[in-house]
Amino acid sequence: MSDRQAPRRRVPGPAGAARAGGRPRGGGGGREARRPAARPPAAAGRIRLGSPRPRLRLVGFALTLVLLVFTVRLLQVQAVDASAYAAKAGEHRYVVHTLAAERGGITDRNGVALAASVDADDITADPTMFTRDQLKIGDGPEQAAALLAPILGQDQAAVAKKLRTPNTRYVLLARRQSPQVWKQIKDLKTALAKKAQADRTKKTVNVLAGVFSDPSSKRVYPNGDLAAGLLGWVNAEDKGGGGLEQQLNEQLAGKPGKTRYAQSGGREVPTAGSTETPAVPGSDVELTIDRDIQWAAQNAITEQVRKSGADRGYVIVQDTRTGEILAMANSPGFDPGDLSHADPAALGNAAVQDAFEPGSTAKVVSMAAVLEENAATPLTHVVVPNRLHRGDRLFQDDVDHETWYLTLNGVLAKSSNIGTILATGQLGKTQQEANKVLHSYLRKFGIGEPTGLGFPGETRGILAPADKWSTSQQYTIPFGQGVSINALQAASVYSTIANGGVRVRPTLVRGTKDADGRFTPAPEPAKTRVVSEKTAKELAQMLESVVDDEQGTGVKARIPGYRVAGKTGTANRVDPDTGRYRGYTSSFAGFAPADNPRVTVYCAIQNATTGSYFGGQICGPIYKQVMAFALKTLQVPPTGAKPANLPVGFKP
């Protein structure tokens, strides 16, 4: 078998199918019938894979579509809408803040501060830095408000509401806080930032990161309520809300500046650059007021109003030569630095805002008209009956008396209403003509006209045209009833007489000083001659009799060593609430030294309810106290000359 091939492996057929000798059975030429080989058992469960090309085409199409969308969007952002997105980004990146201008100060004539501005901080916040996206917590505003509210003295809910303000990057939490308040917030903010940085779990959040401060200033009044009615106050918007603060707001306020800088996370980016327009400080204003004389006047009127149980009172002190107001005091007053505790009725400057009937202090105008028109002289005899019937009324004097035989000087010294009616009746051939002449002098003295101060809320008084005077007015106006004035107008009348008959428009401002220290004096006040120097001198002598003569009504206004000219007034008062006469206006006006005048003082008290209500009794002492202080302060010596001692009466 070695030289023979190995036998072929045959597939066994069915049992008994093979022949002996191992050959298969067959037919037809003896060849064996072959069958196909059987399939292996494992091949029976195999799955045939399909073609991958359709899937690849679908994936490629999808990727192409996505890339196309990204490309279009990229073109839109970088080309079509590039400027809009850049501007929007700039809005969030750059912060613009207004730089408050320092408000100018107000001083008295000697440079003593009456109103000044000190450093302060406006506490602000960026609401976008308190959102959930920024802080990763939902109650960031509430947590921050809980920390800020006690420091700012505000309601916690109100602070949280501000911190949640939508669509803004700036809210004002508190105005003009002291540097100590901002330091407290800043220290707390820094402590939270350090704690958040050290916390590896990132659970600690600096909820005060969006709180900032803007430099500002706060208005202070070093002397409390001194001259409050005159100075006024500054409101929450840092603008004058009353008085000179309001009238001179443009000069005092200055011009605010602006700063713009890039920020990130609430902090300025120092390398990104910034632009700044500096603020221009306001000008300082120097008043004509003397702080010490103002104090003396305010102290005196406040004490007398308290003692008299009066509604209010005012004192004016004026330089007779220049028209400058040295003091303008009101009682009751208020603290302009703390309006929350102020009585609303006390706000304002009643000395120029109240209109009232002056009473007998206005008789000096009637006497000026009589003397200037040569209708009488100080020595002219006037017979004054106990009663005088005129028009529809029966007139009388303040005291019941027998027939008085007085000189014109005596009519003024004893303040006779009847004598004044008789004297002014000589101003014209008819009463209507006399009315027109008296009306013209009232106008010349400034009655019924603005004083020229331009003070907010100032009244011009009430003076009807002469042809509109009622039957009673044509007889009451000569002695100061039926006509209304303010306290400054009354003082100006006496200053005109003291100044030789020349009226100088009252002034309150001496000048302004800008940021560079340049002083600009106020314009010279207007001057108008009202009566002759001769008439003014005669009136001054007559007014001396009111104080010096024992029969005069102003003896309580005497000042040892000085010659004093003055006049008392006690007028029926119109109640502003009812419009009816109730109570009295008590007053005293005068100047000193009488023969070389330097200072005018006017005092009025409304509705005294305790003690005397006569002007000579309750205002005469105030005049004396304030005038004596002013003469000493201004170093005005007595003249040493003897008074004229004009006669008060005559023998029939």
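From a predicted model like this one, the values you see are computed outputs, not experimental measurements. (Residues numbered from 1 in each chain as written. Predicted model: local features only at pLDDT ≥ 70, side-chain atom pairs only at ≥ 80, totals over all residues. Heavy atoms only, no water.)

Caption draft 1: Structural context of the overall build of the protein. Within the protein one finds 20 helices and 24 strands. Among the 652 residues that make up the protein, the fraction classed as buried is 45%. By sequence separation, contacts in the protein at least 24 residues apart represent 71% of the contacts at least 6 residues apart. A total of about 34600 Å² of accessible surface is found on the protein, and carbon and sulfur atoms cover 52% of it. (Helix = DSSP H or I, 4+ residues; strand = E, 2+ residues; numbered from the N terminus. Buried < 20%, exposed > 50% of the residue type's maximum accessible area, 1.4 Å probe, protein only. Contact = heavy atoms within 4.5 Å. Areas by Shrake-Rupley, 256 points an atom, 1.4 Å probe, with all protein chains shown as cover.)

Caption draft 2: Summary view of the environment of isoleucine 559. With respect to the helices, strands and loops of the structure, isoleucine 559 is situated in the loop between α18 (533-548) and β22 (565-574). When its relative accessible area of 7% is taken as the criterion, isoleucine 559 is described as buried. Expressed as a C-alpha distance, the spacing of isoleucine 559 and valine 547, which sit 12 residues apart in the sequence, is 9.6 Å.

Caption draft 3: How the structure looks around the packing of helix α12 (residues 363-372) against α18. Running from N to C, α12 and α18 cross one another at 135°; their axes reach a closest spacing of 10 Å. As the angle between them shows, α12 and α18 are arranged oblique. The crossing of α12 and α18 is right-handed. Here Val364, Met367, Ala368, Leu371 and Glu372 of α12 come into contact with α18, specifically with Thr535, Glu538, Leu539, Met542 and Leu543. Tallied by class, the residues present in the contact of α12 with α18 amount to 7 nonpolar, 1 polar and 2 charged. (Axes fitted to C-alpha atoms, helices over the stretch in contact; angles between N-to-C directions. Parallel < 35°, antiparallel > 145°, perpendicular 65-115°, else oblique. Left-handed = near helix turned anticlockwise from the far one by under 90°. Nonpolar A, V, L, I, M, F, W, Y, C, P; charged D, E, K, R; others polar.)

Caption draft 4: Highlighting helix α10 (residues 291-308). Helix length check: α10 (18 residues) gives 26 Å between terminal C-alpha atoms against 26 Å at 1.5 Å per residue, within 8%. When we look at burial in α10, the residues that qualify are Ile293, Gln294, Ala296, Ala297, Gln298, Ala300, Ile301, Gln304, Val305 and Ser308. Buried residues along α10 sit in contact with β12 (312-319), β13 (325-331), β24 (599-606), α19 (615-618) and α20 (620-633). Two to three positions downstream of the cap, the backbone nitrogen of aspartate 292 sits 3.0 Å from a side-chain oxygen, assigning the N-cap of α10 to aspartate 290. (Expected span 1.5 Å × (residues − 1). Polar contact = N/O pair within 3.5 Å; in protein donor to acceptor, adjacent residues only side chain to side chain.)

Caption draft 5: How the structure looks around the packing of α12 against helix α15 (residues 431-444). Running from N to C, α12 and α15 cross one another at 115°; their axes reach a closest spacing of 9 Å. Classified by chirality, the crossing of α15 by α12 is right-handed. Mapping the contact onto sequence places Val365, Ser366, Ala369 and Glu372 in α12 and Leu438, Tyr441 and Leu442 in α15. Taken together, the residues of the contact of α12 with α15 sort by class into 5 nonpolar, 1 polar and 1 charged.

Caption draft 6: Quick peek at the nonpolar core. In terms of nonpolar packing, the biggest core is built from 89 residues, with Met328 and Tyr602 touching the most fellow members. The dominant element in this core, judged by the number of residues it contributes, is helix α17 (residues 487-498), at 8 residues. Not counting chain neighbours up to four residues away, the residues in contact with methionine 328 comprise Leu230, Ile289, Gln294, Val315, Ile316, Asn349, Ala351, Val352, Leu453 and Leu488. Residues Val315, Val317, Phe588 and Ala630 belong to the second largest nonpolar core, which totals 31 residues. (Core = buried A, V, L, I, M, F, W, Y, C linked by side-chain atoms within 4.5 Å.)

Caption draft 7: Focus on the environment of leucine 388. Within the secondary structure, leucine 388 is located in strand β15 (residues 388-390). Of the residues examined, leucine 388 reaches a relative accessible area of 8% and is grouped as buried. Spatially, the C-alpha atoms of leucine 388 and glycine 419 are 9.5 Å apart, while their sequence positions differ by 31 residues. Setting aside chain neighbours within four positions, we find leucine 388 in contact with Arg393, Leu394, Phe395, Ile418, Ile421 and Leu422.

Caption draft 8: Structural context of the environment of asparagine 110. Mapped onto the elements, asparagine 110 comes out in the loop between β2 (106-107) and β3 (113-125). Spatially, the C-alpha atom of asparagine 110 lies 8.2 Å from that of arginine 291, the residues being 181 residues apart in sequence. At 3.3 Å, the side chain of asparagine 110 and the side chain of aspartate 290 are in polar contact.

Caption draft 9: Structural context of helix α4 (residues 140-152). Along its 13 residues, α4 runs 18 Å from first to last C-alpha, staying within 8% of the 18 Å computed at 1.5 Å per residue. In the structure, α4 departs most strongly from a straight axis at alanine 146, where the bend amounts to approximately 30° and where the proline proline 150 lies between one and four residues downstream. For α4, every residue scored as buried is listed here: Gly140, Pro141, Ala144, Ala145, Leu148, Ala149, Ile151 and Leu152. Summarising the contacts, the buried residues of α4 are in contact with β3, α3 (132-135), α5 (156-163), β4 (171-177), α6 (179-198) and β5 (211-220). Of the residues one or two after α4, glycine 153 is the one with positive phi, at around 70°. (Bend = angle between axes of the 7 residues up to and from the residue.)

Caption draft 10: Representation of the state of the cysteines. Summed over all chains, the structure comprises 0 disulfides. With no disulfide of its own, cysteine 603 lies 3.2 Å from the sulfur of cysteine 619, the closest cysteine sulfur. By relative accessible area, which is 0% here, cysteine 603 ends up buried. (Disulfide = S-S within 2.5 Å.)

Caption draft 11: How the structure looks around the packing of aromatic side chains. Applying the stated criterion across every chain yields a total of 9 aromatic pairs. Where tyrosine 613 meets phenylalanine 614, the ring centres are 4.8 Å apart and the plane angle is 25°; that geometry is what we call stacked. By the ring-pair criterion, three or more aromatic residues cluster together here, those being Phe395, Tyr475 and Phe479. Directly above the ring of tryptophan 404 sits lysine 414, whose terminal nitrogen or CZ lies 4.6 Å from the centroid. One Lys or Arg, lysine 444, reaches over the ring of tyrosine 441 and ends 4.6 Å from the middle of that ring. (Phe/Tyr/Trp six-rings, centres within 6.5 Å; stacked < 30°, edge-to-face > 60°. Lys NZ or Arg CZ within 6 Å of the ring centre and 35° of its normal.)

Caption draft 12: Broad picture of the sheet that holds β13. Ordered in space as β13-β12-β24-β23-β22, the 5 strands form an open sheet in which the pairing is antiparallel. Where the open sheet ends on each side, the last strands, each with one partner, are β13 and β22. Taken pair by pair, the neighbouring strands of this sheet meet at an average axis angle of 10°, ignoring direction. Sheet topology note: the β12/β24 ladder contains 8 bridges and is antiparallel. Across the sheet, glycine 313 pairs through a bridge with isoleucine 605, a residue of β24. Those strands touched by α20 are β12, β22, β23 (581-592) and β24, and its axis lies near 30° from that of β23. (Pairing = 2+ DSSP bridges.)

Caption draft 13: Spotlight on the pairing of β24. With respect to burial, β24 is a largely interior element, 8 of its 8 residues being buried. The alternating pattern of β24 places Val599, Val601, Cys603 and Ile605 and Thr600, Tyr602, Ala604 and Gln606 on opposite faces, both of which are buried. Across 8 bridges, the pairing between β23 and β24 is antiparallel. Counterpart to alanine 589 in the pairing with β24 is tyrosine 602.

Caption draft 14: Structural context of the UniProt feature "transmembrane region" (unreviewed entry) in the protein. UniProt records the feature "transmembrane region" (unreviewed entry) for residues 56-75 in the present numbering. The span residues 56-75 is 100% helix and 0% strand, and its two end C-alpha atoms sit 28 Å from each other. (UniProt positions renumbered as here; feature names shortened; annotations may be inferred.)

Caption draft 15: Examining the side chain of arginine 109 more closely. Mapped onto the elements of the fold, arginine 109 is located in the loop between β2 and β3. Overall, arginine 109 belongs to the buried group, its relative accessible area being 17%. Apart from residues no more than four positions distant in its own chain, arginine 109 is found in contact with Glu286, Leu287, Thr288, Ile289, Asp290, Glu324, Leu326 and Arg510.

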